Amino acid sequence: MSTHAQPFSLTSPPVRTMKTLGLVGGLTYHATLLYYKQINDRVQERLGGGHSASLVIRSFDFADIMKHFNGGDHGETARQLVEAAKNLKLSGAEGIALCVNTGHLFADQIEKEVGLPLLHIIDFAGQAITANGLSRVALLGTKSVMDGDSIVGRLQRDFGVEVLLPDSETRQAMDDVIFGDLASSIVSEQTRKLYIDTVNELVKQGAQGVILACTELQFVLKPEDVGVPLFDTVELHARGLAEWMLQK
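Everything numeric in this text was worked out from a predicted model, so none of it was measured.

**Student:** An account of unusual backbone geometry is needed here, citing residue identities and associated values.
**Tutor:** Note: most residues except glycine have negative phi, and most peptide bonds are trans. Residues Leu27 and Thr28 are joined by a peptide bond in cis, for which omega reads 15 degrees. Among the secondary structure elements, Thr28 is positioned in the loop between strand E1 (21–25) and helix H1 (29–47). A positive phi angle is found at Ser185, which is not glycine, with a value near 60 degrees. Mapped onto the secondary structure, Ser185 falls in the loop between helix H8 (168–178) and helix H9 (189–204).

Set out below in structure tokens:
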């Protein structure tokens, strides 16, 4: 009689409960923490029990990568983001999400070079805006986001949403705050006043809602601060990412 152990076998493959998502974070880590918690909260709410999200994460040193971005070396910034996403793919990711609005300047390049779907942050906000029957919204973010096409243009082209922006001087002031105090999780009354006053002005111009198109802005503005709906890209993105993971 043989005493050798028989090889382990399964009669059927294990049932998968979700897809694995790759997160590119650290931009800033405060925002990445929100993503991690909100995605896991949604997955556990949907699946119950001890379930949590199947994630792989590459978290950057914010000061290091932003040195290249703010210095105008967008080629190096893009290279690092692409490399991070490729490594997440090798680690089992089936889709990529950037835990940052500004990084979506490179979204098309990342998706093309990595060969995985990149779940774009503004698509989930666009869906929420149109679902609420709105067609004209104010958008607040970094200067690159407000000046560029990656967020504003996508909203206009894909969702038919008209976007109102602060004047150029205010855009620069907001950029300074985002890469200054907010990157260190400091929210002063002066910062809150800047944003509240800007929202009030854009509402006078016809904005029906406000998109917080910077992952740090939920620390600054709350729904009770303004008289129109706030669309927080972090919250909407995280919820949408969890739903994508749970799709069969």
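**Student:** Just give me the short version of the sheet that holds strand E7 (residues 230–232), but keep the residues and values in it.
**Tutor:** In a beta sheet, neighbouring strands pair by backbone hydrogen bonds and run either parallel or antiparallel. Taken together, the four strands give an open sheet; going across it, the order is E5-E4-E6-E7, and neighbouring strands pair in parallel fashion. If you trace the sheet from one side to the other, it starts and ends with strand E5 (162–164) and E7, each paired once. The sheet shows a mean angle of 30 degrees between the axes of neighbouring strands, taken without regard to direction. Across three bridges, strand E4 (residues 136–141) lies against E5 in parallel orientation. For Arg136, the partnering residue across the bridge sits in E5 and is Glu162. The strands touched by helix H10 (residues 233–246) are strand E6 (210–213) and E7; relative to E7, the strand with the most contacts, the crossing angle is about 55 degrees.

**Student:** Mind laying out the packing of helix H2 (residues 62–70) against helix H3 (residues 74–90), listing which residues take part and the relevant values?
**Tutor:** Running from amino to carboxyl end, H2 crosses H3 at an angle of 140 degrees, the nearest separation of the two axes being 7 Å. The orientation of H2 with respect to H3, classified from their angle, is oblique. Here the hand of the crossing between H2 and H3 comes out left-handed. On H3, the residues touching Asp64, Ile65, His68 and Phe69 of H2 are His74, Glu76, Thr77, Gln80 and Leu81. Split into classes, the residues belonging to the contact of H2 with H3 amount to three nonpolar, four polar and two charged.

Conventions used here
Residues numbered from 1 in each chain as written. Predicted model: local features only at pLDDT ≥ 70, side-chain atom pairs only at ≥ 80, totals over all residues. Heavy atoms only, no water. Helix = DSSP H or I, 4+ residues; strand = E, 2+ residues; numbered from the N terminus. Pairing = 2+ DSSP bridges. Axes fitted to C-alpha atoms, helices over the stretch in contact; angles between N-to-C directions. Contact = heavy atoms within 4.5 Å. Parallel < 35°, antiparallel > 145°, perpendicular 65-115°, else oblique. Left-handed = near helix turned anticlockwise from the far one by under 90°. Nonpolar A, V, L, I, M, F, W, Y, C, P; charged D, E, K, R; others polar.

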